[in-house]
Every structure is written in structure tokens, then in C-alpha cells.
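Structure at a glance
Okay, here's what each chain looks like letter by letter:
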Amino acid sequence: MTVNPHSAEAAIDLDRFADIRPYHDEEVEAVLARLAHDSELLDAITRYRLPWLARFAPPLARMLASFRLQREMRGVTTVRDFQLRIADYMAHMISRTTQGFDVEGLERLDPDQAYLFIGNHRDIALDPAFVNYALYLAGHDTVRIAIGDNLLQKPFVTDLMRLNKSFIVPRSIKGKRAMLAAYQSLSGYIRHSITDDNHSVWLAQREGRAKDGVDRTDSAIVKMLCMARRLEEGDSDIGSAVRELKIVPVSISYEYDPCAINKARELQAKETDGTYRKVEFEDIFSIVSGITGNKGRVKLVFGTPLAADFGTADEVADEIDRQVLENYPTFPSHQLALAETGAAPELVDLTGVTPGDREQFRNQLAAVPEPLQRWWLLQYANPILNRAGKAQRHDA
């Protein structure tokens, strides 16, 4: 049964998603008021914006940060208001930390239609942020963003993410029964968003970033997406569920990844020690590094909605992979890294690589500690190898 989103039944239906859904407009002012007095958020802001004052006069630094936050959020009463402020920050970030942001494929999509965008995953926060910014510039509504609860280590982080249309993906829940219930709720929310609210969603093709540069869709995610239709309609046909969700694969590529050295360190640790233990709040540090670090050129390509009569989750995952890899933009950094590895000289194409590209690449590589250089290079070489079926996963 399809529920009218403005009916009493819809309100009751939404209650079951209260713990995971983004904030509603009527919640925005109270959340912003709470954030303006959150000591942990204010300390984080002052350490970044007012480091000297934060060290020698923390109370004064927090007071100034609170005043500035309240001033910047003045007049923000809806989620759209909040996202318009973020759009200003995105424009500033793009001008400061990139050499250009290009988008392809949006002209094939209907701005009045909701889609489930499933993308490759390089940066914790910026992948969906660039998707949102591209949609905003093209006159589309922004997406609801799936974010793992492992990233929500502080209440203020949860508040900020949910203000920005993020909904929570369970990753820390223990026990098979509890996990099943959580994923059923998640599947129900995504279906509700697409079919009832006509509101697009962004979801990564796998749990966690592809730290080795090998983009592959986890078929378990496809199975999760199909749960809701099976439970609510008694329809277990995967093809019907996929068509209903209007899945659009998305490819994003960064000429240079500000987190590449840290990813290389993790890959090396897993190879040498068999495991890698994150430091406290490492993901938060990665978010900040991704936002503030140099990214070179960034390109985003939207694929076409999946429309085939799929019979299995693996078939769906294969088609998402085909589009993600086929549309994945490569830069000189990818070709130069592949050439440096010597892995597949027949795939190297240095056409159009300029002396400036080579100098930038050499400067980037020189900043990488020697023991990590192999892993750093693979992050850029693997997208080309993966497209040719020659890449091997290292971060599973």
C-alpha cells in the first residue's frame, strides 16, 4: 500500500524511522540552539579557527565561537536554509582546494523524479557533498545521505549530519536478530523515501571507502535494498525492487586524495600486521583532511537508471560496477601512477600529460614516506587496472 506522505498514516509510518531519519524542518531551530552551546563542537571550532585563544583562554574562545555560530545560522529555520549555507561553504572549498569541479550525466535525469544514487566511495563526507552540490547547481533537490553510525562518535556530529539530510546506517549493532531488524528498518526508510516522499537518496556501493582504489559493489547492499518490498508487498522479485528504486550508479574521481597517505598506512599495516587499529576520532580527522586538503581536479559522472530484468543481487551489483568503472574519470595522476608501478604498461596512456602534470605528481609522490609509496601508487593505478579486470583487492 502506498501511503500519502501528508496523511495521518504517513505520520505514524514515519515514527518507526525516528531514530535513523534526518531532522525535519520543525526540529531545525532547536537543534541549532543546542549546537550553539555544545562545548565539544565549540572546542573543535576554536582549535581550528582560534588555536592561540583556545590554548590560553578556552572559555573566551568558546564564547566567541558560539557567538559566531549563532550569527552565521541566524535566519536558518529549515533544512533547505541550512543546506543553502553549506552550498556557500562548498563553493568556497571548491575554489580553495580544487583545480575545478566537473559534472556529466545529470541532463539524462528528470529533476522531478527521485533516484537512488549508488556511488563509489573515496571520501567520507565529500562524495555525497559533491553529489548534492551538483544536484543543487542543476536545479534538482538534494539527496538524503546514508551514513554509518560508526562515524557518529559525538552528539554534535550526529546533529550536524542529520541537519544535512543524513540518515543512519547501523554498523555497530551486535547480534544477528538486532542487525536484521535494523537493516529491515533501513531498507524500509530508503523505499519510503523514494516511493512515498519522492526524495532521492545517496548510498555508497560498499561499506567503507575503497582505500585501495578498487571499486566494487557489495551484493549484500542490494539484498538489503530489496528487503522492504518483500516484507511490505510480499514480492521477492529483485528486478521489480530495483526498478522501483530507480538506481543510478555514480562515479566520482579525485585527481589527488588528501587522505591517500593515511589510506596507504592502513593498507600497509593490514599487509604486515594483519590488522589496523584506528586512533580515536580518526574518521573525524579524515573528514577534516578531505575538506581542507588539495584535491586537484574533481569529476562526477551520473550513470543511467538500472532498467534490466535482473534476477539476482549479483547481477545488479555487476551492472552498478560496469557503469561506475566505465564512467570513472581518470586524470594524469592515475596514468602516471600506473606507469610508476610498471604493473600493466599496455594500459598506460600518457597522451595529454603535461610537464606540469608530471611535476605535480612527482611533488605529491615525494611527500609520501618510502615504505608507503607502493600503496599510495596503487590507489591511483587501480581504477585503470580494475576497469581492465586486473586489479586485486587489498582493503577487504
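Quick summary incoming for the structure in this document. (Residues numbered from 1 in each chain as written. Predicted model: local features only at pLDDT ≥ 70, side-chain atom pairs only at ≥ 80, totals over all residues. Heavy atoms only, no water.)

Scanning the chain from terminus to terminus reveals 17 helices and seven strands. Taken over C-alpha atoms, the radius of gyration comes to 22 Å for the chain, in line with the 21 Å a tight globule of 396 residues would show. Taking the principal axes of its C-alpha atoms as reference, the chain extends roughly 65 × 65 × 45 Å. Residues classed as buried in the chain amount to 51% of the 396 residues present. By sequence separation, contacts in the chain at least 24 residues apart represent 76% of the contacts at least 6 residues apart. Taking the average location of the 48 positive side-chain charges in the chain and that of its 57 negative ones, the two points are 5 Å from each other. (Helix = DSSP H or I, 4+ residues; strand = E, 2+ residues; numbered from the N terminus. Rg over C-alpha atoms; globule rule 2.2 N^0.38 Å. Buried < 20%, exposed > 50% of the residue type's maximum accessible area, 1.4 Å probe, protein only. Contact = heavy atoms within 4.5 Å. Lys, Arg positive; Asp, Glu negative; His and termini not counted. Charge placed at Lys NZ, Arg CZ, Asp CG, Glu CD.)

Before going further, it helps to examine the nonpolar core. With 52 residues, the main nonpolar core has Leu-32, Leu-116, Leu-163, Leu-225, Ile-247 and Val-316 as its most contacted residues. Looking at this core element by element, the count peaks at five residues for helix H10 (residues 219–233). Leaving out residues up to four positions away in the same chain, Leu-163 has contacts with Tyr-23, Val-28, Val-31, Leu-32, Leu-35, Val-79 and Phe-82. Core analysis: the next-biggest nonpolar cluster, separate from the first, contains 27 residues, Met-93, Leu-135, Tyr-254 and Val-298 among them. (Core = buried A, V, L, I, M, F, W, Y, C linked by side-chain atoms within 4.5 Å.)

Let's shift gears to helix H16 (residues 355–366). Over its twelve residues, H16 runs 16 Å from end to end, which matches the ideal 16 Å to within 8%, given 1.5 Å per residue. Of the residues making up H16, those classed as buried are Asp-357, Phe-361 and Leu-365. Buried residues along H16 cover an arc of 65° about the axis, so they all sit on one side. Every exposed residue of H16 that faces more than 90 degrees away from the buried side is listed here: Pro-355, Glu-359, Asn-363 and Ala-366. In the core, the buried residues of H16 are packed alongside helix H15 (332–341) and helix H17 (373–387). (Expected span 1.5 Å × (residues − 1). Arc of directions from axis to C-beta.)

So, about the sheet that holds strand S5 (residues 201–204). A sheet is described by the order of its strands in space; here seven strands give the open sequence S1-S7-S6-S2-S5-S3-S4, paired in mixed fashion. Of all strands in the sheet, those bounded by a partner on one side alone are strand S1 (101–104) and strand S4 (166–169). On average, each strand axis in the sheet is tilted by 25° relative to the strand beside it, whichever way the strands run. Summarising the sheet, strand S3 (residues 144–148) and S5 pair through two bridges and their orientation is parallel. When the bridges of S5 are listed, Ile-145 appears paired with Trp-202. (Pairing = 2+ DSSP bridges. Axes fitted to C-alpha atoms, helices over the stretch in contact; angles between N-to-C directions.)

Take Thr-98: it is sitting in the loop between helix H6 (79–97) and S1. Of the polar contacts made by the side chain of Thr-98, one reaches the backbone oxygen of Ile-94; its length is 2.7 Å. For Thr-98, the contacting residues outside a window of four places in its chain are Met-93, Lys-295, Gly-296 and Val-298. (Polar contact = N/O pair within 3.5 Å; in protein donor to acceptor, adjacent residues only side chain to side chain.)

Running from N to C, H10 and helix H11 (residues 238–245) cross one another at 100°; their axes reach a closest spacing of 9 Å. Taken as axis vectors, H10 and H11 run roughly perpendicular relative to one another. Counted together, Leu-225, Cys-226 and Arg-229 of H10 and Ile-238, Ser-240, Ala-241, Glu-244 and Leu-245 of H11 form the full contact between these two elements. (Parallel < 35°, antiparallel > 145°, perpendicular 65-115°, else oblique.)

What follows covers the pattern of salt bridges. On inspection of all chains with the given rule, the structure shows 27 salt bridges. Glu-244 is paired through a salt bridge with Arg-229; the nearest N and O atoms lie 2.9 Å apart. Taken together, the positions of Glu-244 in helix H11 and Arg-229 in helix H10 put the pair 15 residues apart, joining distant regions of the chain. Note on accessibility: Glu-244 and Arg-229 belong to one class, buried. One salt bridge connects Arg-297 with Asp-357, and the closest N-O pair in it is separated by 3.7 Å. With Arg-297 in the loop between helix H13 (282–292) and strand S7 (298–302) and Asp-357 in helix H16, the pair connects residues that are 60 residues apart, well separated along the chain. Overall, the relative accessible area of 31% leaves Arg-297 in the partly exposed class. Note on Asp-357: relative accessible area 13%, which makes it buried. Through salt bridges with shared partners, one network takes in Arg-16, Arg-191, Arg-229, Glu-232, Glu-233, Asp-235 and Glu-244. (Salt bridge = Lys/Arg side-chain N within 4 Å of Asp/Glu carboxyl O.)

When a strand is regular, its side chains alternate between the sheet's two faces. The side-chain alternation of strand S2 (residues 116–119) yields two buried faces, one formed by Leu-116 and Ile-118 and the other by Phe-117 and Gly-119. Here S2 pairs with S5 via four bridges, running parallel. For Gly-119, the partnering residue across the bridge sits in S5 and is Ala-204. As paired strands, S2 and strand S6 (residues 247–254) are joined by four bridges and run parallel to one another.

In this section: the environment of Cys-259. Topologically, Cys-259 is positioned in the loop between S6 and helix H12 (260–273). Counting along the chain gives 28 residues from Cys-259 to Ile-287, while the straight-line C-alpha distance between them is 8.9 Å. When residues no more than four places from it in sequence are discounted, the contact partners of Cys-259 are Arg-209, Ser-286, Ser-289 and Gly-290.

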